[in-house]
Amino acid sequence: MAAKAPKLSLSVQYALAGDGLPTRPQLRQWVKAALQQDAEITLRIVDAPEGQELNRDYRGKDYATNVLTFVYDDMPAETGLPLMGDIVLCAPVVAREAAEQGKSLLAHYAHLVVHGVLHLQGWDHESDDDALQMETEEREIMHALGYPDPYAHDER
């Protein structure tokens, strides 16, 4: 018998309009591909000023970055509540990186969503071993979604 798929409550917020933004169904597909436990997630796509403000206020880095993950982990696991958190994608940074790395815009969005969802679930890349494990998981998920290796550009 197959394992039961995790339950997902996903809220998608578009803080800007523009061409090339992923659709709600695409975002849901990518989140579910990386989800290993029940979760309530808000995924917000923002412009550069909001991305910079969030990165500065919460990480102390005064520039817009591609993806930010905020985990609300102040509830003990025994409460039975799902994992809760926010993932913020900065559209101009994602678009610039995709162009610089020669990737399709949707493939880059998919990778960053997968990356953010793994972070929500406790994955990190602080050590070389952790980075290798996380990158391997991301590659497998992206392959299952039909996208190319997101790290292939790093090996050129």
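Residues numbered from 1 in each chain as written. Predicted model: local features only at pLDDT ≥ 70, side-chain atom pairs only at ≥ 80, totals over all residues. Heavy atoms only, no water.

Mind showing me how you'd approach the overall build of the protein here?
Each helix and strand in the protein was counted, giving five helices and four strands. For 156 residues, the compact-globule formula gives about 15 Å, and the C-alpha radius of gyration of the protein, at 15 Å, lands near that figure. Along the first, second and third principal axes, the C-alpha set of the protein runs to 45 × 35 × 35 Å. Among the 156 residues that make up the protein, the fraction classed as buried is 38%. Of all intrachain contacts in the protein linking residues separated by at least 6 positions in sequence, the fraction that spans at least 24 positions is 60%. (Helix = DSSP H or I, 4+ residues; strand = E, 2+ residues; numbered from the N terminus. Rg over C-alpha atoms; globule rule 2.2 N^0.38 Å. Buried < 20%, exposed > 50% of the residue type's maximum accessible area, 1.4 Å probe, protein only. Contact = heavy atoms within 4.5 Å.)

Would you take a moment to explain the pairing of strand 4 (residues 83–90) for this structure?
The side chains of a regular strand alternate between the sheet's two faces. Where burial is concerned, most of strand 4 is hidden: six out of the eight residues are buried. Relative to strand 4, strand 2 (residues 39–46) is paired through eight bridges, and the arrangement is parallel. Opposite Ile41, over in strand 4, you have Gly85 as the bridge partner. For strand 3 (residues 67–71) and strand 4, the ladder comprises five bridges, and the chain directions are antiparallel. Following the sheet pairing, Leu68 is matched in strand 4 by Val88. (Pairing = 2+ DSSP bridges.)

What am I meant to see in the confidence of the model for the protein here?
Atom-level detail of predicted coordinates should not be read off regions where pLDDT is low. Chain-level pLDDT for the protein is 91 on average; 94% of the residues reach the 70-or-more range. Mean pLDDT across the secondary structure elements of the protein bottoms out at helix 5 (residues 128–145), with 94, and peaks at helix 1 (residues 24–34), with 98. (pLDDT = per-residue confidence, 0-100.)

Is there a simple way to think about helix 3 (residues 91–101) in this case?
Side chains that are three or four residues apart share a direction in an α-helix, a result of its 3.6 residues per turn. All of the buried residues in helix 3 are Ala91, Val93, Val94, Glu97, Ala98 and Gln101. For helix 3, the angular spread of the buried residues around the axis is 165°, confining them to a single face. Along helix 3, the residues that are exposed and aim more than 90 degrees away from the buried face are Ala99 and Glu100. Residues of helix 3 that are buried make contact with strand 2, strand 4 and helix 4 (105–120). Looking one or two residues past helix 3, Gly102 carries a phi angle of roughly 65°, positive in sign. (Arc of directions from axis to C-beta.)

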